[in-house]
Amino acid sequence: MRGTAGWARGWRRRSLLLLASWAAGWLLLGTLLFLGHPSVFSERCTDERSRRILARLCLDYSKGALTGDLCEDLCIAQKLVYKHCLYYDRGKKVIQAEWRGQPVILKSKKEIFSSYQRLSLLEEMEAQDVPEAELLLVVALEVKSVLGLEFSNSSIGPLWTRRRGLHWKAQVASMWSLLQQEEYIYFSLLQDFSKHVLRVLGSCGHFYAVEYLTAGHAWHKTLFPLEDAVGPSFSGTKSKVKAIIDIALSFLDMVHHFDNDFSHRLHLCDIKPENFAIRNDLTVVAIDVDMAFFEPKMRDILEQNCTGDEDCNFFDCFSKCDLKIRKCGAQRANNNLQVICDKIFRHWFSSNLRGPAVPFPFQSRLQKAVHRCAEPGSKDFTSYQRTSLNSLSELYQLLRASQKELQMADG
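These remarks concern the structure in this document. All values reported here derive from a predicted model rather than from experimental measurement. (Residues numbered from 1 in each chain as written. Predicted model: local features only at pLDDT ≥ 70, side-chain atom pairs only at ≥ 80, totals over all residues. Heavy atoms only, no water.)

**Some thoughts on the state of the cysteines**
Okay, so step 1: Tallied over the entire structure, the rule returns seven disulfides.
Okay, so step 2: Between the sulfur atoms of Cys 45 and its disulfide mate Cys 85 the distance is 1.6 Å. On the S-S bond that ties Cys 45 to Cys 85, the torsion sits near -110°, and the link is left-handed. With Cys 45 in the loop between α1 (2–36) and α2 (47–62) and Cys 85 in strand β1 (residues 80–89), this pair connects stretches of sequence that are 40 residues apart.
Okay, so step 3: Bridging Cys 58 to Cys 75, the disulfide has an S-S length of 2.1 Å. Measuring handedness by torsion sign, the sulfur bridge of Cys 58 and Cys 75 sits at about -85° and is left-handed. Pair noted here: Cys 58 is in helix α2 and Cys 75 is in helix α3 (residues 71–76), with a separation of 17 residues, a long-range link.
Okay, so step 4: Among the residues examined, Cys 58 registers a relative accessible area of 17% and is labelled buried. (Disulfide = S-S within 2.5 Å. Helix = DSSP H or I, 4+ residues; strand = E, 2+ residues; numbered from the N terminus. Buried < 20%, exposed > 50% of the residue type's maximum accessible area, 1.4 Å probe, protein only.)

This is the structure in structure tokens:
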């Protein structure tokens, strides 16, 4: 009997261990799935729910709670028409619509207008009594909080174009809901200064409309469905090669632009094909900037406590751990170009350009240049920056040379 009891206890122990291992395995698989594909656990995107969301928006508009230059077309004139739901992700709602015959995208960080924080100024006094200067100061402070940048009242015009009128309180409340959405601030402030960000077309309450562009997809052979963006003329191999080279050059233009043309460098910490799109002229556009940060904010994010370099990784942006003080460096150790070379250019220039359209010696040089760009190998920051500038110049020259070769082949 003692032997039987011992065997039973051993069997129970082994069963519990097996069950624990099985549960741990499923937990690990779930974690990996979430990290690799967060959309696996995103909310279900349905037409029924999206129509309900817009109906609720229009109900709030009819009650005078919110307003915007697109509300009339959406809720009354039916010139802004729902088409289908694109995706829901961690609260963000992204919907495709048609506005006066043209496709547009409607975006909001939250579903319901009342979910946004109310502006305390509106609670303390009547909307008509709020001084314009005080409102502009509040807007500037909110922008500083979101972007980590100082803005003068005169430079925030794109964010505050409302004029006092009958629905002034609804205008201010709607503006405040939009200012709580980082993407809206980025797109609105930068659209007059950069061709590489989405254009904001208008808003209604907490939803804002941006231009519809052809987004990238990692599973697509050319990353961007060229036929959708430009037309069926890009279905041939040589045409695709030309388009890829044009898009690659536009990526390099964007890198140089984000590094040099603003008061502070703009860091992209989530670089993947899905977060970019192309216009008809093959200009690359950043369409998802939830993980974009100007230098001051980037330094605040990176400067954390650490026990090793892995603690200093923030998605595609990382720094180095100073083990003496156990603090991550505030300066980013990689840059936008390196990640684009790794996650975008490798996909194209490993195999896509092989063939009669481009001479193989050029292809070989391009592969090596992309490899050096993606893996510069230098741990010294100054040397790394010099290597990166060299990579940018080298890639420009190789891609420009390829354009000329293709033009000569056509001639």
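Back to the write-up after that little detour.
**As for α2**
Okay, so step 1: Here α2 is 16 residues long and its end C-alpha atoms lie 22 Å apart, about the 22 Å a rise of 1.5 Å per residue gives.
Okay, so step 2: Listed as buried for α2 are Ser 50, Ile 53, Leu 54, Leu 57, Cys 58 and Asp 60. Across the axial projection of α2, the buried residues extend over an arc of 160°, all falling on one side. The exposed set on the far side of α2, more than 90 degrees from its buried face, consists of Glu 48 and Ser 62.
Okay, so step 3: Buried residues along α2 sit in contact with α3, β1, β2 (92–99), β3 (102–108), β4 (200–204) and β5 (207–211).
Okay, so step 4: Of the residues flanking the end of α2, it is Gly 64, one or two places downstream, whose phi is positive at about 85°. (Expected span 1.5 Å × (residues − 1). Arc of directions from axis to C-beta. Contact = heavy atoms within 4.5 Å.)

**Some details on the pairing of β2**
Okay, so step 1: Across the eight residues of β2, six count as buried, placing the element largely inside the fold.
Okay, so step 2: In this sheet, β2 lies alongside β1 in antiparallel orientation, the contact comprising eight bridges. Counted as the bridge partner of Leu 80 is Trp 99 from β2.
Okay, so step 3: Where β1 folds back onto β2 in an antiparallel hairpin, the turn is made up of two residues, including Arg 90, whose phi is positive at roughly 50°.
Okay, so step 4: By the bridge criterion, seven bridges tie β2 to β3 in an arrangement that is antiparallel. Paired with Val 94 across the strands is Lys 107, a residue of β3.
Okay, so step 5: Taken together, β2 and the strand that follows it, β3, pair antiparallel across an intervening segment of two residues, in which Arg 100 is found at a positive phi of about 50°. (Pairing = 2+ DSSP bridges.)

**Describing the sheet that holds β2**
Okay, so step 1: In space, the five strands of this open sheet follow the order β1-β2-β3-β5-β4, with antiparallel pairing throughout. Two strands lie at the open edges of the sheet, namely β1 and β4, each paired on one side alone. Along the sheet, successive strands turn relative to each other by an average axial angle of 25°, direction set aside.
Okay, so step 2: Sitting on the sheet, α2 is in contact with β1, β2, β3, β4 and β5, with an inclination near 115° to β1.
Okay, so step 3: Here helix α7 (residues 182–190) sits on the sheet in contact with β2, β3, β4 and β5, set at roughly 45° to β5. (Axes fitted to C-alpha atoms, helices over the stretch in contact; angles between N-to-C directions.)

**Observations concerning the packing of helix α11 (residues 336–349) against helix α13 (residues 381–410)**
Okay, so step 1: The contact between α11 and α13 brings their axes to 12 Å, and the two run at 35°. The interaxial crossing formed by α11 with α13 has left-handed handedness. Contact with α11, carried on its side by Leu 337, Gln 338, Cys 341, Phe 345 and Phe 349, involves Tyr 384, Ser 388, Ser 391, Leu 392, Leu 395 and Leu 399 of α13 and no other residues of that element. (Left-handed = near helix turned anticlockwise from the far one by under 90°.)

**What to know about empty space enclosed by the protein**
Okay, so step 1: Under the counting rule described, the total for this entry stands at two cavities of 30 Å³ or more.
Okay, so step 2: Approximately 40 Å³ is the volume attributed to the largest cavity.
Okay, so step 3: Around the largest cavity sit Asn 335, Leu 337, Gln 338, Arg 372, Cys 373, Pro 376, Tyr 384, Thr 387, Ser 388 and Ser 391, which together line it.
Okay, so step 4: A total of four residues in the lining of the largest cavity trace back to one element, the largest contributor, which is α13. (1 Å grid on protein atoms, 1.4 Å probe; cavity = no way out; pocket = protein on both sides within 12 Å on 5 of 7 lines; lining within 4 Å. Points joined across faces, edges and corners; volume = space filled by probe spheres on them.)

**Comments concerning the pairing of β3**
Okay, so step 1: Most of β3 sits inside the fold, with five of its seven residues counted as buried.
Okay, so step 2: In terms of strand pairing, β3 meets β5 through four bridges, oriented antiparallel. What sits directly across from Lys 107, in β5, is Tyr 208.

**What to know about the side chain of Thr 214**
Okay, so step 1: Mapped onto the fold, Thr 214 is located in strand β6 (residues 214–215).
Okay, so step 2: Accessibility expressed as a relative area gives 13% for Thr 214, which makes it buried.
Okay, so step 3: Leaving out residues up to four positions away in the same chain, Thr 214 has contacts with Phe 224, Pro 225, Asp 228, Ala 229, Phe 276, Ala 277 and Ile 278.

**Remarks on helix α6 (residues 168–179)**
Okay, so step 1: Between its first and last C-alpha, α6 extends 17 Å over 12 residues, near the 16 Å set by a 1.5 Å rise per residue.
Okay, so step 2: Here α6 lies mainly inside the structure; 11 of its 12 residues are buried.

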